[in-house]
Amino acid sequence: MERLCGPELPFWVANQTLHSDQPDLPVCFQLTVLSWLPCIYLWAVSPIYFFYLKKNNRGYIMMSIMNRFKTVFGMLLWLVCWTDLFYTLHERQQGLSQPPIFFITPLVLGMTMLLATFLIQFERLRGVQSSGVLFIFWFLSVLCAIVPFRSKILQASSQVEVTDKLRFTTFYFYFGLVVLELILCCFNEKPPLFSNVVTDPNVCPESMAGFLSTMTFWWFTSMAIKGYKMPLEAKDLWSLNPRDSSKAMVPKLLKEWEKEQAKAKSKQNLSNDVAYSKPPPSTTNHIGSESETSPEEVEVLLSSQKVIPRQPSFLRSLIRAFGPYFLIGSAYKLLQDVITFVNPQLLRMLISFTKQKGVPDWWGYALAFLMFFTAFLQTLILHQHFQYCFVTGMHIRTALIGAIYRKSLVITNAAKRSSTVGEVVNLMSVDAQRFMDLTTFLNMLWSAPLQIMLALYFLWQNLGPSVLAGVAVMILLIPFNAVIAMKSRAYQVEQMQHKDSRIKLMNEILNGIKVLKLYAWENSFKEKVLAIRQKELNVLKKAAYLGALSTMAWTSAPFLVALTTFAVYVTVDENNILDAEKAFVSLSLFNILRFPLNMLPQVISSLVQTSVSLKRIQSFLSHDELDPNSVDRKNTASDFSVTVVNGKFTWAKEDPPVLHNINVLVPQGSLLAIVGHVGCGKSSLISSLLGEMEKLEGDVSIRGSVAYVPQQAWIQNATLRDNILFGKTYNEQKYHCVLEACALTPDLQVLPGGDMTEIGEKGINLSGGQRQRVSLARALYSDADVYLLDDPLSAVDAHVSKHIFDNLIGPEGALKGKTRILVTHGISYLPQVDNIVVMVDGRVSEMGSYQELLKQNGAFAEFLRNYALEDIVEEDEATEEIIDDDEELFPEDTLSNHIDMVDSEPGINEAKRKFIRQISIISADGETPKSRSVRRHACSQRKHPEPQEKKQLDGMEKLIQAETAETGRVKLKVYLEYAKAVGLLLSVLICVLYGCQSAAAIGANIWLSEWTNDALQNQTEDNVNMRVGVYAALGITQGVLVMISSFTLAMGNIGAARKLHHNLLTNKLHTLQSFFDTTPIGRIINRFSKDIYIIDETLPSTVLMFLGTFFVSLSTMIVIISSTPIFAVVIAPLAFVYVFVQVCCCWLTACCPRLTVWYGQPSSCTARCSRGSCERRRPSLRAPPLGG
């Protein structure tokens, strides 16, 4: 430095800096270190930051007044810096030689200010509203300029006149401009042009928050205040950031997963492409040469090599999709870990300061401030790390749920046999949640070893080789925890299997709850569920006991390390004295060790559990999917709308074919009927056209969009109108024509809200016939090109069936001109269809018109003979004398509602059924050719009824009520209920055990304090054995109490889980049927899956953490107050602040989980999709299933 600053300006003067009541840094130090530090930071960061800005363009920000001021101040700073440079050159010309530092520092500062000014404008062009890079630069510049600021004032006050007036003046200009730049950098620029922030009325403030607001989470303050004032609702939440939405996350993961699958498939193909080529004939006459191998031997060797298929790695896909964002949090964690070890060194210096005499007082103040500042900085950085980890976990969970749901829509029928509904529900609720839970502390896998190594390094400096004894203790604990982790993994797999079985059985119970209640089977199925639950709890109990052992080992680990280290240190050498500095600095390091030593096994355990979930999810996502190209939808060359040539289909590749040699050609606009006996393959043929079956041979093509009406109508939990529109735009004329064609107009007269009546889940408040007509209306309103109708007339009465055929399906119906494929058993309609396909044992037996097939006297004639009698009865009923010739359709059609409901009941006598049916026909549907012709044209001639919204009853309640949740604080009653479930005596015993455990810990610390006082009294040699023995006894007592309390807590939690699940199951099985009619199945399933998971696994760890934290805090306050009574004065204000923050957080945490449940609960549609309802299972493979 002497070469830069010269001999007159020393770089460091200890007496001037440290050993002075008015410390000051030398001028050389100020001009080099303090001036260059911000410059080095900005030049080091700039290349990376430029690359980041180039890759991330958020838009263009208009030049604002604040941006102009920033730019002007930057240019002024450049002028000020180079004014010093030119003044130094001027002095040199005048003969005043200055050291080189007076040339270098202004030059470096000036170039850095130009770089900062350029960054200000470049950020504006790339849409950056607030710059963290420049904020840190200006903050460092102000921080480093404070020392020269004070120094120049001290020099000016000690001198009569300022010697270097120009540099004195330019520095204060520089300081003022830098402060102004820092202040301006705290405010945000306007949003970029055409960004979502401008258009969204309820944008999340995080997207507009500045760097300072982001680092301190100030942007969240408004939500915290609102949550404190009133319970939060869904409407109070901000809009989700686009980058956090499932629209962005799910495709991101699926893209990487598809790449991984393609890579695995390509490697598999390369390994399989082993071609055998016969060697050329030998040119010699040698026969049976030993060096030659016969071709047969080569073939045998090649065939004996088994090629192990390479499985695609879902973990690699997750890392590629979410790893870069997660690494930012990892960088924060690394920085926090480094800062963590600053405080023990400051503590060492503070203890040393208290021992020294005659040192300046400002040392103590500076050390105390530095300890506070490092703790504050550590908190800021740690919470940024957690923010990135939490957001990454949320991204992963969102993407996993989306990917699993999407996969459940496209897996093959064979895959559905191995993936039950319970498994799919658990994958989306439990397994996806495990990834989110693990991500929070995943960095501990590398952070914990790093902290342990750094702590041991500083302990080695403090206590020497005695630390190796502590290392030996930690190494001995590794195999113990490895065994626990392996067993935990096995128990986790077994537990998830039982959980899948339980959720599957609960899903079946809830879907068949009406039949279950009719036959009074509640207790039988309750015993089945409880038997599975008992197996699940047995596994959970074993895992909890293993967790208790692990908790005991790793809670005692820091103490055991400290005990062995201190014992070895004082016994190996008589000169080793355990004084306060060594003991308490070592204890602070051991306390740092405590967190990684405690967290590492938990993270490993969570990692083991998540690895099980990873395999489950990877296995599910690796299932075969139905080929989306099995049905050609772009075939425009053929004149036929639907074509099947030499088709052979099966439900699963390993199963025998169901349909053989299928050849069907359907002309555009024709009506094709498919008939045959039960089980002959009619519905399978429809499924093959939808792409639901595995195509083994042949070609299938469909021209245009497809609407599908299944045998069992699929109804949404929405209004009747929304069920029919299905997302289409409302057209009143078209809508009313659809209602009339589907015979739904009379039903609207009796529904309480007309077409705005809410329909329950699965259409629970509609009859079977009404549900089928709604399904038909949805298909008609969709205006598709091809209609696949799977026996839709079987669920309605004869007169309604005739009306639907005449006005909707038939040659003169609303679908005239559309291609229709109708599966039916009604032979009365067959003369009106264009072509008929007769199915026999999975084959097309005959195909042709009605007259052609009659002449052939084949399978079709046999079908007619079998169904003739039944159809004649229906035909006679349908042609009864008309009672009412009015133009209005079915004035008494409301009776058909009752008939449809009666038909669905298994115990109704057939005679009663026929009698009621005849009554309805006589009273409702006598029909003449005249009335039929009038009905066909009724759509255009009739005046439409008034809109149904006007008819809706003002006081009509919603059928499906929104899920309610308790708001505000968690009531004391809830805690008492859980305590009762655990057992009141057991709860008290657990608290007593934790109190004793804390008392043992306090005793060990007090005894250690007394031990260190021996060094002052020269009694170390006499009391070593006693001190070590008592310290060991107290520590071992603490460990034993930890184990007993953990075992007791595990027993109580498992008992509570058993009771709560038993009470929930009993309550639901004895609930009235009306509850199940008005409550979505997904909501109930959510209670038995996610909420029971929380009671089983999340709540015990939360209780453990609460008890541990409470008693540690209490013991700490007791120790501090006993040694420093004045600290009691500080407790009151601190307690007020912490209670206020806790109240705000409690209200928010009470609201947010229920909002999460409202948005994230698995719907019954998910379960239905997983069961295989083809109309909702795979919309990606065909046109939207508007017909049902």
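Residues numbered from 1 in each chain as written. Predicted model: local features only at pLDDT ≥ 70, side-chain atom pairs only at ≥ 80, totals over all residues. Heavy atoms only, no water.

S.K.: Is there a simple way to think about the sheet that holds strand β3 (residues 671-676) in this case?
M.R.: Sheet strands pair by backbone hydrogen bonding; their relative direction is either parallel or antiparallel. Reading across from one edge, β5-β6-β7-β3-β8-β9 is the order of the 6 strands in this open sheet, with mixed pairing throughout. Edge strands, defined here as strands with exactly one partner in the open sheet, are β5 (706-709) and β9 (843-848). For this sheet, the mean angle separating the axes of adjacent strands, direction not counted, is 15 degrees. Bridge count between β3 and strand β7 (residues 819-823): 4 bridges; the pairing is parallel. The residue of β7 that forms the bridge with L672 is I821. Each of β3, β5, β6 (786-790), β7 and β8 (835-840) is contacted by helix α23 (residues 682-690), which is oriented at about 135 degrees to β3, the strand it contacts most. (Pairing = 2+ DSSP bridges. Helix = DSSP H or I, 4+ residues; strand = E, 2+ residues; numbered from the N terminus. Axes fitted to C-alpha atoms, helices over the stretch in contact; angles between N-to-C directions. Contact = heavy atoms within 4.5 Å.)

S.K.: I would appreciate a short explanation of the packing of helix α15 (residues 362-410) against helix α17 (residues 421-440) in the present structure.
M.R.: The description of two helices packed together rests on the angle between their axes and the distance between the axes. Relative orientation of the contacting elements α15 and α17 amounts to 160 degrees, with a least axis distance of 8 Å. On the basis of the axis angle, α15 is roughly antiparallel to α17. In this structure, the crossing between α15 and α17 has a hand that is right-handed. Split into classes, the residues belonging to the contact of α15 with α17 amount to 15 nonpolar, 7 polar and 1 charged. (Parallel < 35°, antiparallel > 145°, perpendicular 65-115°, else oblique. Left-handed = near helix turned anticlockwise from the far one by under 90°. Nonpolar A, V, L, I, M, F, W, Y, C, P; charged D, E, K, R; others polar.)

S.K.: It is not clear to me how the packing of aromatic side chains should be interpreted in this structure. Could you clarify?
M.R.: One pair of aromatic rings is described through two measures. These are the centre distance and the angle between the planes. A full pass over the atoms with the stated rule returns 41 aromatic pairs. Seen in terms of ring centroids, Y49 and Y52 are 6.4 Å apart; in terms of plane orientation they differ by 15 degrees. Their pairing is stacked. With Y49 and Y52 both in helix α3 (residues 27-55) and 3 residues apart, this pair spans about one turn of that helix. Judged by its relative accessible area of 10%, Y49 is buried. Ring pairing ties together the aromatic residues F149, F168, F171, Y172, Y174 and F175, which thus form one cluster. Geometry around Y735 places R721 over its ring, the cationic atom sitting 5.5 Å from the centre. (Phe/Tyr/Trp six-rings, centres within 6.5 Å; stacked < 30°, edge-to-face > 60°. Buried < 20%, exposed > 50% of the residue type's maximum accessible area, 1.4 Å probe, protein only. Lys NZ or Arg CZ within 6 Å of the ring centre and 35° of its normal.)

S.K.: Just to check I follow, could you spell out a positive patch on the surface for this structure?
M.R.: A cluster of like positive charges, contributed by K255, K259, K263 and K267, occupies part of the molecular surface. Tracing the backbone through its elements, the reader meets K267 in helix α11 (residues 246-272). (Patch = residues over 30% accessible without salt bridge, like charges linked within 9 Å, V, L, I, M, F, W, Y side chains within 5 Å. Areas by Shrake-Rupley, 256 points an atom, 1.4 Å probe, with all protein chains shown as cover. Salt bridge = Lys/Arg side-chain N within 4 Å of Asp/Glu carboxyl O. Lys, Arg positive; Asp, Glu negative; His and termini not counted. Charge placed at Lys NZ, Arg CZ, Asp CG, Glu CD.)

S.K.: Even after reading the chapter, I still don't get the nonpolar core, so can you show me in this structure?
M.R.: Across soluble globular proteins, you tend to see nonpolar side chains buried next to one another. Formed by 51 residues in total, the largest nonpolar core has its most connected members in I724, L808, I809, L830, I836 and F860. Ranked by residue count, the leading element in this core is helix α27 (residues 768-782), at 6 residues. Discounting chain neighbours no more than four positions away, the residues touching F860 are V675, L830, I836, V838, E846, Y850, L853 and L854. Grouped together as the second largest cluster of nonpolar side chains are 40 residues, F341, L477, L563 and A567 included. (Core = buried A, V, L, I, M, F, W, Y, C linked by side-chain atoms within 4.5 Å.)

S.K.: Could you clarify how one ought to interpret empty space enclosed by the protein in this entry?
M.R.: If a probe the size of a water molecule is rolled over the atoms, the empty space left behind becomes visible. Tallied over the full model, the rule gives 5 cavities of 30 Å³ or more. Of the pockets and cavities examined, the largest cavity occupies roughly 120 Å³. Those elements that place two or more of their residues in the lining of the largest cavity are α4 (65-93), α5 (101-125), α6 (132-158) and α7 (165-185). In terms of residue count, the dominant contributor to the lining of the largest cavity is α5 (3 residues). In terms of residue class, the lining of the largest cavity is built from 5 nonpolar, 4 polar and 5 charged. (1 Å grid on protein atoms, 1.4 Å probe; cavity = no way out; pocket = protein on both sides within 12 Å on 5 of 7 lines; lining within 4 Å. Points joined across faces, edges and corners; volume = space filled by probe spheres on them.)

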